[in-house]
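Here are the chains, one letter per residue:
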Amino acid sequence: MKTFTYERVRTPAEAAAAAARTPGSKFLAGGTNLLDLMKLEIETPAHIIDVGKVGLDKIEPTPAGGLRIGALVTNTDLANHLPVRRDYGLLSRALLAGATGQLRNKATTAGNLLQRTRCPYFYDTNQRCNKRVPGSGCAAIAGFSRQLGVIGTSNACIATHPSDMAVAMRALDAGVETVKANGTTRTIPLAQFYRLPGQTPHLETILEKNELITAVLLPPPVGGVHIYQKVRDRASYAFALISVGAIVQKDGTGRIAVGGVAPQPWRVETAEQLLPAGAKEFTAQLLQGARPTKENAFKLALVENTVAAVLNEARH
Amino acid sequence: MDESNDYLFSRREMLVSTTLAVTGLALLNVTGAEAAPVPVSQAKVSFTVNGQPHQLEMDTRTTLLDTLREHLHLTGTKKGCDHGQCGACTVLVNGQRINSCLSLALQHQDDAITTIEGLGTPDKLHPMQAAFIKHDGYQCGYCTPGQICSAVAVLAEIKAGMPSHVSASLLEQPQATNMELRERMSGNICRCGAYSNIAEAMSEVAGKDS
């Protein structure tokens, strides 16, 4: 690990200001992803700003009837929060399907959104990777791509976003609240939060330099049956091959976001009008324009079949 | 050194000398002169480990795991993968289990840390330690401290009503069934494959608790 200087801050504004003051700094929350990447020297911050104790660890009701989830609420606390289990079951289910008890106790809500891909070519510093070293090329496209993306990808990068939680957040129409170094705040719909890779896969979100996530906002509950179906190579502690996060209403309408297929949780609102027609019709539109590799083309059928299973389960 | 005495080197001493040799080489630049060492950043932190207060000043990069093993000499906690994948380094922080390898010591200001040494002693075993012995919940024993710390936390999580991926309901009190224990222990890998005996040890302790 490269050496770095370290400071603890007490408020979000202090954190953003500290970052603006010190070039090469990174915010550290739970650390479960960042420290791993620092050990591999994929991340090499010169300065660490520990935001772990800035008080963003509460879940509060909003005046609109939704929830405001502090950026530092752990995955464990969020999954176990009673109003989340009762009214946003999809979110609890997605969180509980991810990682392990140990990791969920440290991993935070904002950190989960900002975690990096688990593409093996991003992790292996002997390989070419446009996300890790812009302009170096992509060894994944002609490599072992079984786990990688099928849609929203580019000829520069086929990495997927690894989060389960973000899939649920996308289906729930979450918003990301931030503070910038100059003190101004904004709320970004999760639908607009991630960038597609294009020719710049190292730029993953629309966050500005030194902008800090302070909370994730959930709109009021929408009812319905909540299902998170994750398909993976082993039954626990594995990233998704694909996952389907669904909220299905009694009349057959609903929302579905899919994980494991794209550089961001994949949801196409216009496709959802086809849900009452069935999985085949819906999935065809959801994955229109997909460009799978030979190794991961199975994901297209896997999504359709999993959507069919989820819709079937929702009816019973 | 006399070659016949090589076996007297412990594995740890061997590792240390290898590391020093490699570091020595790295410090030589092409002209053979020693390069200036990279300045190391230090910072302070204080927390308790097994009830004992500690005030430390250390290299900012030091993980909680390395702090426990190399600085406080509590070597019960083991380093397996050092990437949060195996669970050998599991300890309890403020009662919650975490991977101590994926945490900087500096992140634990004012925390209360419990390691396997703090759960029980050879004379007064924690019930989970006793159950692991009774049910043969290990073979080589390397993953065992992490398994036991994790197991203790798992039963507390079930008791607190926290659901898991395999719980049928998000709202009903979960039970310590074999499926629940296996799902919740998936962050602790055992290469000897003692899983079924670990689950039995946990079931016994869970039964006594309820």
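In this text the structure is predicted, and so the values were computed from the model without any measurement. (Residues numbered from 1 in each chain as written. Chains lettered and ligands numbered in written order. Predicted model: local features only at pLDDT ≥ 70, side-chain atom pairs only at ≥ 80, totals over all residues. Heavy atoms only, no water.)

*Asks:* Can you help me understand the overall build of chain B in this one?
*Replies:* Check the secondary structure of chain B and you find 7 helices and 5 strands. The helix and strand sequence of chain B, counted from the amino end, reads α-β-β-α-β-β-β-α-α-α-α-α. Expressed as a percentage of its 210 residues, the buried residues of chain B come to 46%. Long-range pairs, those at least 24 residues apart, make up 51% of the contacts in chain B between residues at least 6 apart in sequence. Total accessible area on chain B is roughly 11,200 Å²; 56% of this is exposed by carbon and sulfur atoms. (Helix = DSSP H or I, 4+ residues; strand = E, 2+ residues; numbered from the N terminus. Buried < 20%, exposed > 50% of the residue type's maximum accessible area, 1.4 Å probe, protein only. Contact = heavy atoms within 4.5 Å. Areas by Shrake-Rupley, 256 points an atom, 1.4 Å probe, with all protein chains shown as cover.)

*Asks:* Could you clarify how one ought to interpret the nonpolar core in this entry?
*Replies:* Generally speaking, soluble globular proteins have nonpolar side chains that are buried together. Residues and elements named next belong to chain A. Leu78, Leu91, Met169 and Leu218 are the most contacted members of the largest nonpolar core, which totals 49 residues. Looking at this core, the elements with two or more residues in it are helix 1 (12-21), strand 5 (67-70), helix 3 (75-80), helix 5 (89-96), helix 7 (109-114), helix 9 (165-171), strand 6 (175-179) and strand 8 (212-218). Broken down by element, the residue count for this core peaks at 6 residues, all from helix 9. Residue contacts for Leu91: discarding those within four places in its chain leaves Ile69, Leu78, Val84, Met165, Ala168, Met169, Leu172 and Leu218. (Core = buried A, V, L, I, M, F, W, Y, C linked by side-chain atoms within 4.5 Å.)

*Asks:* Looking at this structure, I do not really get the packing of aromatic side chains. What am I missing?
*Replies:* Two numbers describe a pair of aromatic rings. These are the distance of the centres and the angle of the planes. Residue and element names in this part refer to chain A. Applying the stated criterion across every chain, the model contains 2 aromatic pairs over all chains. For the pair Phe193 and Tyr194, a centre-to-centre distance of 5.0 Å together with 85 degrees between the ring planes defines the contact as edge-to-face. When its relative accessible area of 7% is taken as the criterion, Tyr194 is described as buried. (Phe/Tyr/Trp six-rings, centres within 6.5 Å; stacked < 30°, edge-to-face > 60°.)

*Asks:* For this particular structure, what's the right way to read the sheet that holds strand 4 (residues 59-61) of chain A?
*Replies:* Within a sheet, each strand pairs with its neighbour through backbone hydrogen bonds, oriented either parallel or antiparallel. Residues and elements named next belong to chain A. Read across the sheet, 5 strands follow the order 4-5-8-6-7 without closing on themselves; strand pairing throughout is antiparallel. Edge positions in the open sheet fall to strand 4 and strand 7 (185-189), since each of these has one partner strand only. The average angle at which neighbouring strand axes cross in this sheet is 25 degrees, direction not considered. Pairing of strand 4 with strand 5 involves 3 bridges; the strand directions are antiparallel. When the bridges of strand 5 are listed, Ile59 appears paired with Ile69. (Pairing = 2+ DSSP bridges. Axes fitted to C-alpha atoms, helices over the stretch in contact; angles between N-to-C directions.)

*Asks:* Can you walk me through the interface of chain B and chain A in this structure?
*Replies:* It is common to give the size of an interface as the accessible area that goes away when the parts come together. Across the boundary between the two partners, chain B contributes 45 residues, which contact 39 residues of chain A. With both chains or domains summed, chain B and chain A bury close to 3,400 Å², and 50% of this area falls on carbon and sulfur atoms. If you sort the residues of chain B by the area they bury against chain A, Leu102, Gln107 and Leu170 of chain B come out on top, with a joint share of 20%. Connecting chain B to chain A are 2 salt bridges. Linking Lys53 of chain A and Asp111 of chain B is a salt bridge whose minimum nitrogen-to-oxygen distance equals 3.8 Å. If you look at where chain B meets chain A, you find 26 residue pairs in polar contact (both at pLDDT 80 or more). Elements with a contribution of two residues or more to the side of chain B that touches chain A: strand 1 (42-49), strand 4 (96-99) and helix 5 (144-159) of chain B. Ranked by residues supplied to the side of chain B that touches chain A, first place goes to strand 4 of chain B with 4 residues. Looking at the side of chain B that touches chain A, its residues break down into 15 nonpolar, 23 polar and 7 charged. (Buried area = accessible area lost by both parts, 1.4 Å probe. Salt bridge = Lys/Arg side-chain N within 4 Å of Asp/Glu carboxyl O. Polar contact = N/O pair within 3.5 Å; in protein donor to acceptor, adjacent residues only side chain to side chain. Nonpolar A, V, L, I, M, F, W, Y, C, P; charged D, E, K, R; others polar.)

*Asks:* Would you mind showing me how to read helix 10 (residues 279-286) of chain A here?
*Replies:* Given 3.6 residues to a turn, an α-helix orients residues that are three or four positions apart in the same direction. Residues and elements named next belong to chain A. For helix 10, the full list of buried residues reads Ala279, Phe282, Thr283 and Leu286. The buried residues of helix 10 occupy an angular sector of 95 degrees when the element is viewed end-on, so they sit on one face. Residues of helix 10 that are exposed and point more than 90 degrees away from the buried face comprise Lys280 and Ala284. (Arc of directions from axis to C-beta.)

*Asks:* Can you help me understand the domain arrangement of chain A in this one?
*Replies:* Segmenting chain A into domains produces domain 1 (5-50), domain 2 (59-114 + 160-218) and domain 3 (228-314). The centre of domain 1 of chain A, based on its C-alpha atoms, is set 35 Å off from the matching centre of domain 3 of chain A. (Domains from an automatic or database assignment.)

*Asks:* Can you walk me through the pairing of strand 4 of chain B in this structure?
*Replies:* Across a regular strand the side chains alternate sides, sitting on one face of the sheet and then on the other. Residue and element names in this part refer to chain B. Here 4 bridges tie strand 3 (residues 90-93) to strand 4, and the two strands are oriented antiparallel to one another. Paired with Val93 across the two strands is Gln96, which belongs to strand 4. Hairpin connection from strand 3 to strand 4: 2 residues lie between these consecutive antiparallel strands, with Asn94 at a positive phi of about 50 degrees.

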